[in-house]
Amino acid sequence: MWVDAANGLAAARVEVERACRSLVLASPQALTASEGALGRAAEALRQGHATGDWKPAGEGARIELSRLQAAIRRAGRLLASASQYHAGWLRTLSAMTGGYSPRGEAAPMQDMRRMSVEG
Amino acid sequence: MAGITSSLYVQAGAINAFEQAIAVTSANVANANSPGYASQTQTLLAMPEDIAQGLTGGVIAGEVVSSQNRYAQQAVSNQQTALGGATQDVNSLTSLQSLFNVTGTSGISTALSTLYQSFSAWGQTPDDQTARQAVLTAAGNLATAFNQTASGLASAATTAQTQLQQAVGQVNALLGQLQQLNTEAMADGANDAGVDAQITTVVQNLSQYVPVTSTQQPNGSYTVLLAGQIPLAMGNQQFPLSFEMYQPATAANTDAPPLAQVMASDGTDITSDITSGQLGALLDFRNTVLPQYVGDGNHAGSLNTMAQQFADTVNGILTSGNITDASADGTVPAVPGVPLFTYDTTNNTDAAASLSVSSTITPSQLAAIAPGPPEVSNGIPLALAQLENPESAADEIDGESYTAAFGDMATQAGNLLNQATEEQQVAQSALTQAQNLLQQQSGVDLNQQAATLVEYQRSYEANAEMLTVLNQLMQDTINILEPGT
């Protein structure tokens, strides 16, 4: 039986938009949350494919498809900007802590984690 | 005795150091609500102690370290620039799109359709004066629609020019503030956190207009560069921008709409360096987007090309026909058709604005007879009606009908606006993200950051993998729902 894909696509979009909100927060916890939301979006699409009953797009599905594409593009851009930010900061920190290599590249990041032993 | 004296020195130094620390803390409290303010930390330096060498030990006040992360500030500035550009794009393109309405009851699309219908009706009753008058009226309406669209585009160009002038003025006003603040910062010996915060705010405001990078100098002033290389502010100096409209030396048509250019304080043309921010968006709209429609010194623009080609095609068909036949005995020659449309032929960027129906043409002067052979009494109106669904390249523009070509212009304007709207949403989110990252990083020590960065890296990789999977599933979904696209 054919069903309109609009609902499935909308469910996926809601999850991608949730991921976008997490990516805007960009804390380690929020990034974990965004990973989960993207996973649920993928699962929503996978389920739609698995049932094999999505019919060729009606107007509602076409609109949802376009919205979902835009949301995925937005998530990609936000992931890229956050990732570039931290990659750049990592390079800066590396240069601050380790200087530069003879080739002018920032030195590898020194491990600055500390161990605390009690007892 | 030496012990007591040295002890007194140590205590005096400590008191001095802690007084400075208290001053810094007071500044933090006083500026807690100042936009752009970063809390300061007073470092205390331990002094060597060697009584024999006269080194008394103790602590002195070290350099004030700003917890504000310059790197994070720059990231916020970059996103301010992106948002400034995207917002301006949305404003400019919204006005552009309204000129290319293909669904309403007015505009070029509707006028074209009505003119084709009038040609068709004239073809059915070629001698009917009412049908002929309807052709003249519809042609006049189409010319008016072209005039109005051209006028709307000219108005958009004027608005963009005014906005460019204002944006350059705003940039220069901010540079004036920066010069004053830099002078104060230098006078305060690089330790005035309040001035520092004000400079940060000015730089953020500047970022909305142009892409800037800022670097704090040891004397407390900020060096601000446009596009990483053009000085805008250095120490107590400012380097204001200027703006003018010009016709490139390579322009073949010197009467064409001029282009906008922005110059650095030394008069160098830096237009191509301003690719983002509100100023970048305005320059792109004025110098690239609008000329696609209205032309520039080297091309007519799609709207003018369309107006000119349509007028030439209609005129060509009409003048190939006859108003009346030659007499059977050949003593009275046939009266050839006359052109319907006129336009300014001296300036190819003025075709749409100047398009009009010939002031001398009357309904009876519309040539209906295609001389052939064979002669067809309504051949000309039928040929004109055929323009709606052309069958020969001569009746097309860029390989399609005039209706489709105008639809393409409208689609292009609509797509540009859609992209700009999406870009604006992304830029707004990315700015909030950069502000959040600035907030998170402020005041976090390097050890903690190093550990967190490793955590971030893992999260980014996981998110990127998930997004790759999602993109693939999305492509599969498109294939299922819209096969063949």
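Rules behind the numbers
- Residues numbered from 1 in each chain as written.
- Chains lettered and ligands numbered in written order.
- Predicted model: local features only at pLDDT ≥ 70, side-chain atom pairs only at ≥ 80, totals over all residues.
- Helix = DSSP H or I, 4+ residues; strand = E, 2+ residues; numbered from the N terminus.
- Buried ≥ 20, exposed ≤ 12 C-beta atoms within 10 Å, placed from the backbone.
- Contact = placed C-beta atoms within 7 Å.
- Pairing = 2+ DSSP bridges.
- Axes fitted to C-alpha atoms, helices over the stretch in contact; angles between N-to-C directions.
- Parallel < 35°, antiparallel > 145°, perpendicular 65-115°, else oblique.
- Left-handed = near helix turned anticlockwise from the far one by under 90°.
- Core = buried A, V, L, I, M, F, W, Y, C linked by C-beta atoms within 7 Å.
- Domains from an automatic or database assignment.
- Nonpolar A, V, L, I, M, F, W, Y, C, P; charged D, E, K, R; others polar.
- pLDDT = per-residue confidence, 0-100.

J.: So what exactly am I meant to see when it comes to the overall build of chain A here?
T.: Across its full length, chain A carries 3 helices and 0 strands. The order of α-helices and β-strands along chain A, N terminus first, is α-α-α. Per-residue burial for chain A yields a buried fraction of 38% across its 119 residues. Counting contacts in chain A only where the partners sit at least 6 residues apart, residues at least 24 apart contribute 63% of the total.

J.: Any chance you could explain the overall build of chain B here in plain terms?
T.: Across its full length, chain B carries 11 helices and 14 strands. Considering only contacts in chain B between residues 6 or more positions apart, those separated by 24 or more positions represent 66%.

J.: Would you mind showing me how to read the sheet that holds strand β6 (residues 222–226) of chain B here?
T.: Pairing between the strands of a sheet comes from backbone hydrogen bonds, and it takes one of two forms, parallel or antiparallel. If you trace the 4 strands from one edge of the open sheet to the other, you get β5-β6-β7-β8 (chain B), paired in antiparallel fashion. Two strands in the sheet have a free side with no partner beyond their single neighbour: β5 (212–216) and β8 (237–238) of chain B.

J.: Any chance you could explain the packing of helix α1 (residues 6–25) of chain A against helix α2 (residues 28–51) of chain A here in plain terms?
T.: What describes two packed helices is the angle between their axes and the distance between those same axes. Residue and element names in this part refer to chain A. Where α1 contacts α2, the axes come no closer than 8 Å and their chain directions differ by 165°. Considered as vectors, α1 and α2 are oriented roughly antiparallel to each other. Taken as a pair, α1 and α2 cross one another with a handedness that is left-handed. Contacts between α1 and α2 involve Gly8, Ala11, Ala12, Glu15, Val16, Arg18, Ala19, Ser22, Leu23 and Leu25 from the former and Ala30, Leu31, Ala33, Ser34, Ala37, Leu38, Arg40, Ala41, Ala44, Leu45 and Gly48 from the latter.

J.: Is there a simple way to explain the environment of Leu226 of chain B in this structure?
T.: All names here are of chain B. Relative to the helices and strands, Leu226 is located in strand β6. Spatially, the C-alpha atoms of Leu226 and Thr403 are 44 Å apart, while their sequence positions differ by 177 residues. Non-local contacts of Leu226, meaning those with residues more than four positions away in its chain, are made with Val210, Pro211, Val212, Leu232 and Asp273.

J.: Got a minute to help me understand the nonpolar core in this structure?
T.: Taken as a class, soluble globular proteins show a tendency for nonpolar side chains to be buried jointly. Grouped together as the largest cluster of nonpolar side chains are 141 residues, with contacts concentrated most on Val16, Leu38 and Ala75 of chain A together with Val171 and Ala307 of chain B. With 22 residues, the single largest contributor to this core is helix α4 (residues 129–187) of chain B. Counting residues domain by domain, this core receives three or more from each of domain 2 (69–444) and domain 3 (449–485) of chain B. Residues contacting Ala75 of chain A, with those up to four places away along its chain left out, are Val16, Ala19, Cys20, Leu23 and Leu38 of chain A together with Leu467 of chain B.

J.: Would you mind going over the interface of chain B and chain A with me for this structure?
T.: Interface extent is often summarised as the accessible area lost during association of the parts. Each partner contributes to the interface: chain B provides 40 residues, whereas chain A provides 48 residues. With 26 residues, the top contributor of residues to the side of chain B that touches chain A is helix α11 (residues 446–481) of chain B. Taken together, the residues that form the side of chain B that touches chain A break down as 23 nonpolar, 13 polar and 4 charged.

J.: Mind showing me how you'd approach the packing of helix α5 (residues 193–209) of chain B against helix α6 (residues 277–294) of chain B here?
T.: Residue and element names in this part refer to chain B. At a minimum axis separation of 2 Å, α5 and α6 run at an interaxial angle of 10°. One way to sum up the angle between α5 and α6 is to call them roughly parallel. Contacts from Ser207, Gln208 and Tyr209 in α5 reach Gly277, Gln278 and Leu279 in α6. Among the residues making up the contact of α5 with α6, the classes are represented as 2 nonpolar, 4 polar and no charged.

J.: Which parts of the structure should I look at to understand the pairing of β6 of chain B?
T.: Residues and elements named next belong to chain B. Alternating positions in β6 separate cleanly, Tyr222, Val224 and Leu226 being buried on one face and Thr223 and Leu225 remaining unburied on the opposite face. Inspection of the sheet shows β5 paired to β6 by 5 bridges, in the antiparallel sense. By the bridge assignment, Thr213 is partnered in β6 with Leu225. Connecting the antiparallel pair β5 and β6 is a turn made up of 5 residues, with Gly220 showing a positive phi of about 95°. With 3 bridges connecting them, β6 and strand β7 (residues 230–234) associate as antiparallel partners. Note that in β7 the partner of Leu225 across the bridge is Pro231. Between the end of β6 and the start of β7, which pair antiparallel, lie 3 residues, with Ala227 showing a positive phi angle near 55°.

J.: Looking at this structure, I do not really get the confidence of the model for chain B. What am I missing?
T.: Low pLDDT means the predicted coordinates in that region are not meant to be read closely. Here chain B averages 86 in pLDDT, while 82% of its residues score no lower than 70. Scored below 50 in pLDDT, residues 24–29 of chain B makes 8 contacts in the model with residues more than four places away or belonging to other chains.

J.: Would you mind going over the environment of Asn418 of chain B with me for this structure?
T.: Residue and element names in this part refer to chain B. Following the sequence through the fold, Asn418 ends up in helix α10 (residues 402–441). Given 14 C-beta atoms within 10 Å, Asn418 falls into the partly exposed group. Taking the C-alpha atoms as reference points, Asn418 and Ala367, separated by 51 residues in sequence, lie 45 Å from one another.

J.: What should I look at first to understand the confidence of the model for chain A in this one?
T.: Averaged over all residues, the pLDDT of chain A is 81; the fraction at 70 or higher stands at 74%. Note that pLDDT drops below 50 for residues 112–116 of chain A; the model gives that stretch 7 contacts with residues more than four away or on any other chain.

J.: Would you mind showing me how to read unusual backbone geometry here?
T.: Residues and elements named next belong to chain B. With an omega of 5°, the peptide bond between Gly372 and Pro373 qualifies as cis. Inspection of the secondary structure puts Pro373 in the loop between β14 (356–357) and α9 (379–385). Cis geometry is adopted by the peptide bond preceding Pro374, which originates at Pro373 and carries an omega value of -5°. Structurally, Pro374 can be placed in the loop between β14 and α9.

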